[in-house]
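Residue-level structure breakdown
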Amino acid sequence: MEDYVLEAKGITKRFPLAGVIALSNISFHVKKGEILGLIGENGAGKSTLLKILNGVYTYGNYEGELFHEGRPVRFRSSHDAMKQGLGYVPQEINVMEDLTVAENVFVGHLNEDSRKKSFRMGELNRRAQRFLSEHHFALDPAQVVNTMSIGQKQLLMVAKAISWNPSILVLDEPTTALSQADVENLFAIVRQLKSKGTSVIFVTHKLEEIFELTDRVTILRDGKVINTYGRDQYDRDRIICDMVGREITNLYPERHVAIGEEILKVEHLTVLDPRIQNRNIVEDVSFTLRRGECLGFVGLVGAGRTETISALFGCYRDYSAKVAINGQPVEIRSEADAIAHGINILTEDRKMNGLLLLNNIRFNVVMSNLKKIMNSNGLLSRTKEDEESNKYMRKLHIKAPSNTMMVANLSGGNQQKVVMAKALHSDPRILLLDEPTKGIDVGSKQEIYEIINELLGEGISIIMISSELPELIGMCDRFIVLSHGKLVAEIDKEEATQETLMSACFM
Ligand SMILES: Nc1ncnc2c1ncn2[C@@H]1O[C@H](COP(=O)(O)OP(=O)(O)OP(=O)(O)O)[C@@H](O)[C@H]1O
Ligand SMILES: [Mg+2]
């Protein structure tokens, strides 16, 4: 079929060592100039499929056949696939931190087309600027990448892929780390590509994005294609049911928890910017948290939400605040201090500070509280390690053959669940959740909400950050709104709507 840019026939992918069949007999196609959505539960096989389409898993390491513009293709590497017109932005961010935006975009090209020429920085920046503005990327070519937000890095990866002029661009959950403005920027870029005839495969867990952007959607479950729908057949409930194999009627389960006494009181929290002198990233923020309460932090990217809870967790040296737990003043100068006071955190960036990727699930879960798995003789008990880690694997539906699976080999969403398990194993009294359902499928989201409710019921207090307002509104008892590092509003559950919260962000 000439008008298929890409066609996959009978793709099967096994990981024999782990005893996993990630994909079984997958066939699908992408038409010229269309945006195809690809969705499915955590571990359904989306990323594995994309890695095959983009030469990460090379021919011989999978069964089945790929056709690009009607011709069979067998990529030898991801570079090979890229040169043949398959642009790919993987799920995990992978950029060269110490180089500039321009260098990151063009580093591969320099090898290709300028072996003889020596490139000057100025010229490179001008070339990058031209390219970035042509595609409407809000990025500065001269900026060093390690000073950029995760969202900007994500856009940079997209820019890099587009710089090869792909006939098909494959995006694996590109929006998980993006602010609303960055998402709009990305969607505009994708639509512009489409208008020029480029095809796009777009993976997401956010159904709204499927409805907004895509022309067709293919649903995977347990490594198989379950259904494909055209835009005119889109039906939310049907798609969810295809994805998770059951209906989801009440995403935010009801909670009947009596909120108790004040557990935490934070006064005049100010955090100095570790990078820029004489600038505060959080300024004079005061709030309280009660027993069994879920407090939502609302704000745009850069509002200081993550910085506020990181300070509470002892991540900053230069900060000042009066903190009291159960009415007692406490000093939190390190993460160990925080944990000793019953505070634990689930971080936004699991790769940077959440997980030991080359260790197995068991170790990652239990390391947050070794006391809990010690025998009376002070030695670690393998039986307890197994009991604890298996308990969370069951509770959170972590998809893996056993608790000895290396975390690096888990799907993105399942890695996120391990971060959650690790935080829960530490038995916190105060739990700080930064984007807890990032990259998590709807079925598992509901399960995580149920667990949050259980924790609140046990008297644990929670602070939750989420870029998804419906999630915050569905889960939180009270909201504080941050803007440019300052607390600008406190809003009760009864008054909280998307509109009131959003407009408070712009105060
Ligand atoms: N290198 C590997 N070794 C062993 N198993 C693997 C490896 N990579 C992936 N898997 C397994 O293959 C299955 C599919 O994983 P994949 O990453 O494709 O899921 P996904 O649909 O992208 O999920 P998510 O939404 O969580 O990103 C999972 O069970 C995963 O654990
Ligand atoms: Mg994935």
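Here is a short report on the structure shown in this document. Here the structure is a predicted model, which is why all the values come from computation and not from measurement. (Residues numbered from 1 in each chain as written. Chains lettered and ligands numbered in written order. Predicted model: local features only at pLDDT ≥ 70, side-chain atom pairs only at ≥ 80, totals over all residues. Heavy atoms only, no water.)

1. Here we look at unusual backbone geometry
The criterion, for reference: In DSSP terms, a helix is any run of H or I states spanning at least four residues, a strand is any run of E spanning at least two, and both are numbered starting from the N terminus. Burial classes: relative accessible area under 20% of the type maximum marks a residue as buried, over 50% as exposed, and values in between as partly exposed (1.4 Å probe, protein chains only).
For E69, which is not a glycine, the phi torsion comes out positive at approximately 45°. Tracing the sequence through the fold places E69 in the loop between β4 (63–68) and β5 (71–73). Within the chain, H268 stands out as a residue other than glycine whose phi angle is a positive 55°. With respect to the helices and strands, the residue H268 is situated in strand β11 (residues 262–272). According to the relative accessible area criterion, H268 is partly exposed, its value standing at 47%.

2. Here we look at the environment of G485
The test is simple: Contacts between residues were defined by any pair of non-hydrogen atoms, one from each residue, lying within 4.5 Å.
For G485, the location among the structural elements is in the loop between β19 (478–483) and β20 (486–492). The buried category is assigned to G485, whose relative accessible area is 2%. Distance from G485 to M464, taken between C-alpha atoms, is 17 Å for residues 21 residues apart in sequence. Setting aside chain neighbours within four positions, we find G485 in contact with I281, V282, E283, V285 and A303.

3. Looking at the pattern of salt bridges
Heads up, the rule is: Whenever a carboxyl oxygen of Asp or Glu lies within 4 Å of a side-chain nitrogen of Lys or Arg, that contact is scored as a salt bridge.
Scanning the model with the defined rule gives 24 salt bridges in all. Between K322 and E267 there is a salt bridge, with the nearest N and O atoms lying 3.7 Å from each other. With K322 in strand β14 (residues 319–325) and E267 in strand β11, the pair connects residues that are 55 residues apart, well separated along the chain. Among the residues examined, K322 registers a relative accessible area of 55% and is labelled exposed. Judged by relative accessible area, which is 23%, E267 ranks as partly exposed.

4. Topic: the pairing of strand β10 (residues 224–230)
Just so we agree on the cut-off: For two strands to be treated as a pair, DSSP must find no fewer than two bridges joining them.
As paired elements, strand β9 (residues 216–221) and β10 share 6 bridges and run antiparallel to each other. Considered in β10, the bridge of T218 is made with T228.

5. Notes on helix α6 (residues 180–195)
Under the convention used in this document: To estimate how far a helix should extend, the number of its residues minus one is multiplied by 1.5 Å.
The terminal C-alpha atoms of α6, which comprises 16 residues, lie 23 Å apart, in line with the 22 Å expected from a rise of 1.5 Å per residue. For α6, every residue scored as buried is listed here: D182, V183, N185, L186, F187, I189, V190 and L193.

6. Structural notes on the site of ligand 1
The criterion, for reference: Proximity is defined per residue: if any heavy atom of the residue lies within 4 Å of a molecule or strand, that residue is considered near it. Residues adjacent in sequence count toward polar contacts only when both atoms are side-chain atoms; beyond that, a polar contact is any pair of N or O atoms within 3.5 Å, and within protein one must be able to donate a hydrogen and the other to accept it. We get accessible surface area from the Shrake-Rupley algorithm with a probe of 1.4 Å; when it comes to residues, only the shown protein chains can shield them. Polar here means any residue other than Ala, Val, Leu, Ile, Met, Phe, Trp, Tyr, Cys and Pro, which are nonpolar, and Asp, Glu, Lys and Arg, which are charged; Gly is therefore polar. Reported domain spans reflect what an automatic or database domain assignment gives.
By nearness alone, 22 residues border ligand 1, and G43, K46, T48, S411 and G413 come closest of all. Here an oxygen atom of ligand 1 and a side-chain polar atom of K46 are 2.7 Å apart. Within the side chain of E173, one N or O atom sits 3.5 Å away from an oxygen atom of ligand 1. A total of 640 Å² of accessible area belongs to ligand 1 in isolation, and the protein chains cover 92% of it. Those elements that provide at least two residues to the shell around ligand 1 are β2 (20–31), α1 (46–53) and α14 (412–425). Residues belonging to the shell around ligand 1 are distributed by class as follows: 7 nonpolar, 12 polar and 3 charged. For the shell around ligand 1, the domains that each give at least three residues are domain 1 (4–244) and domain 3 (356–427).

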